[in-house]
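Listed here are the chains, written in short residue letters.
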Amino acid sequence: MKPYQIKPDSKVDLSKHDPGDRREFEGSKEESLLELKKLTERLGELQELLYAENKQRVLVVLQAMDTGGKDGTIRRVFVDANPKGVRVASFKVPTPEELAHDYLWRVHKVVPGNGELVIFNRSHYEDVLVVRVHNLVPKQVWSKRYEQINQFERLLAENGTTILKFFLHIDLDEQKERLQARLDDPAKHWKFRLGDLDERKLWPDYIKAYEDAFEKTSTKYAPWYVIPANRKWYRDLVISRILVETLEALNMEYPKSEENLDGVVID
Ligand code: ADP
């Protein structure tokens, strides 16, 4: 899955990353769903092992443009995970209390503990994305954040957290279709905000902010992956595969019983 990983210190031009790419799976959509089932079940086993072993921590960061598919990804990739060891943390417009602290305060409070897998639905990256695009703080403040974020993530990594960061990459046409679908279906109106249309006009600014973030914060210990996400099934498949490969490489083991179970007979 290396083709989608951003190499540390490399230049990023998102126009060279095709949101409709599907080079990692040759089969049909139907075949992909069978493959996805296998992967999500394996991910479920690995997550149980993570929980049972209770030693390591996993953090999955999801970022995307509006309608990029963060919620759908969480629902479908983690369908076989055990909610006991999995948590989703969503980051909204900061509350007055959050704004009264440094921007990493609300983030650090919800990182995974031992045995936990935590999914960030949006993240501290909003503080170099929406905050930068809307000039919510001066450039001299947000420009220091890339290094701060790297140091924060290094701290987590050096303390036993495996970090994966996924950008769900869709294009403007795909966003238009998804927004239209929300407008056409009354059951989806709650997801539609007129403000989304204003944000859509700022697309090039967001792309620039994302490219900068990838260039400055894709590290060995917390890599970014730019996932082609126009096709939902492909997105889910690729992310599941990266997660399975990464968790398998952790070489986790089920803990042994502290008692001697040899010869135990259940009447
Ligand atoms: P989502 O779009 O993730 O499903 P919402 O519709 O509630 O959830 O949107 C959350 C909003 O909070 C987004 O517009 C996002 O840009 C904003 N947000 C998140 N973090 C920050 C931040 N640090 N500063 C300003 N706005 C933020």
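Right above here is the structure, for reference.
Residues numbered from 1 in each chain as written. Predicted model: local features only at pLDDT ≥ 70, side-chain atom pairs only at ≥ 80, totals over all residues. Heavy atoms only, no water.

A. Focus on the overall build of the chain. Along the backbone of the chain there are eleven helices and five strands. Looking at the 267 residues of the chain, the share that counts as buried comes to 49%. Taking as baseline every contact in the chain between residues at least 6 positions apart, the subset at least 24 positions apart corresponds to 82%. As displayed, the chain offers around 14500 Å² of accessible surface, 51% of which is attributable to carbon and sulfur atoms. When the 43 positive and 46 negative side-chain charges of the chain are each reduced to one mean point, those points stand 4 Å apart. (Helix = DSSP H or I, 4+ residues; strand = E, 2+ residues; numbered from the N terminus. Buried < 20%, exposed > 50% of the residue type's maximum accessible area, 1.4 Å probe, protein only. Contact = heavy atoms within 4.5 Å. Areas by Shrake-Rupley, 256 points an atom, 1.4 Å probe, with all protein chains shown as cover. Lys, Arg positive; Asp, Glu negative; His and termini not counted. Charge placed at Lys NZ, Arg CZ, Asp CG, Glu CD.)

B. Fine view of the sheet that holds strand β4 (residues 161-169). The sheet built from five strands is open, its strands ordered β2-β3-β1-β4-β5 with parallel pairing. Only two strands of the sheet have a single neighbouring strand rather than two, namely β2 (86-90) and β5 (224-228). In this sheet, adjacent strand axes meet at a mean angle of 20° when their direction is disregarded. One ladder, built from five bridges, connects β4 with β5; its direction is parallel. Residue H169 lies in a different strand from β5, and its bridge partner there is P228. Here helix α2 (residues 70-77) sits on the sheet in contact with β1 (57-64), β2, β3 (117-121) and β4, set at roughly 145° to β1. (Pairing = 2+ DSSP bridges. Axes fitted to C-alpha atoms, helices over the stretch in contact; angles between N-to-C directions.)

C. Representation of the environment of L168 in the model. Looking at the element boundaries, L168 is found in strand β4. Between the C-alpha atom of L168 and that of E35, which follows or precedes it by 133 residues, the distance is 20 Å. Apart from the residues within four sequence positions on either side, L168 is in contact with L62, Q63, A64, G68, G69, K70, T73, I227, A229, R235 and I239.

D. Just the nonpolar core, in detail. Formed by 72 residues in total, the largest nonpolar core has its most connected members in V60, F78, L117, F120, F166, F214 and L243. If you tally residues by element for this core, the top one is helix α11 (residues 232-248), at nine residues. Non-local contacts of F166, meaning those with residues more than four positions away in its chain, are made with V60, V61, L62, Q63, W224, Y225, I227, I239, I242 and L243. (Core = buried A, V, L, I, M, F, W, Y, C linked by side-chain atoms within 4.5 Å.)

E. Just the site of the ligand, in detail. For the ligand, the set of nearby residues contains 14 residues, the closest of which are K70, K92, V93, R122 and E126. Here K92 contributes a side-chain N or O atom positioned 2.9 Å from an oxygen atom of the ligand. V93 is positioned with one of its backbone polar atoms (N or O) 3.1 Å from an oxygen atom of the ligand. Considered on its own, the ligand offers 570 Å² of accessible surface; in the complex 79% of this is hidden by protein. In the shell around the ligand, the residues fall into six nonpolar, one polar and seven charged. (Near = heavy atom within 4 Å. Polar contact = N/O pair within 3.5 Å; in protein donor to acceptor, adjacent residues only side chain to side chain. Nonpolar A, V, L, I, M, F, W, Y, C, P; charged D, E, K, R; others polar.)

F. Representation of the pairing of β5. Here β5 lies mainly inside the structure; five of its five residues are buried. Neither face of β5 is left uncovered, since the one carrying W224, V226 and P228 and the one carrying Y225 and I227 both have all their residues buried.

G. The arrangement of α11 in detail. Helix length check: α11, at 17 residues, gives a terminal C-alpha distance of 24 Å against a target of 24 Å (1.5 Å per residue), a fit within 8%. Burial analysis of α11 places 14 of its 17 residues in the buried class, which makes it a mostly covered element. (Expected span 1.5 Å × (residues − 1).)

H. Representation of the side chain of T40 within the structure. Along the chain, T40 falls in helix α1 (residues 29-53). Here T40 falls in the buried class, since its relative accessible area comes to 3%. At 2.7 Å, the side chain of T40 and the side chain of D80 are in polar contact. Residues in contact with T40, not counting those within four places in the same chain, are R76, V77, V79, D80 and S240.

I. Region of the structure containing the pattern of salt bridges. Per the stated rule, a full pass over the model turns up 23 salt bridges. Between R154 and E158 there is a salt bridge; the shortest N-O distance is 3.6 Å. Pair noted here: R154 and E158 are both in helix α7 (residues 145-158), with a separation of four residues, about one helical turn. A relative accessible area of 40% places R154 in the partly exposed class. Residue E158 is classed as exposed on the basis of its relative accessible area, which comes to 59%. With its nearest N and O atoms 3.3 Å apart, the salt bridge here joins D212 to K208. On the criterion of helical spacing, the pair formed by D212 and K208 is a turn pair, its members being four residues apart in helix α10 (residues 203-217). On the basis of relative accessibility, which here comes to 11%, the residue D212 falls in the buried class. When its relative accessible area of 41% is taken as the criterion, K208 is described as partly exposed. (Salt bridge = Lys/Arg side-chain N within 4 Å of Asp/Glu carboxyl O.)

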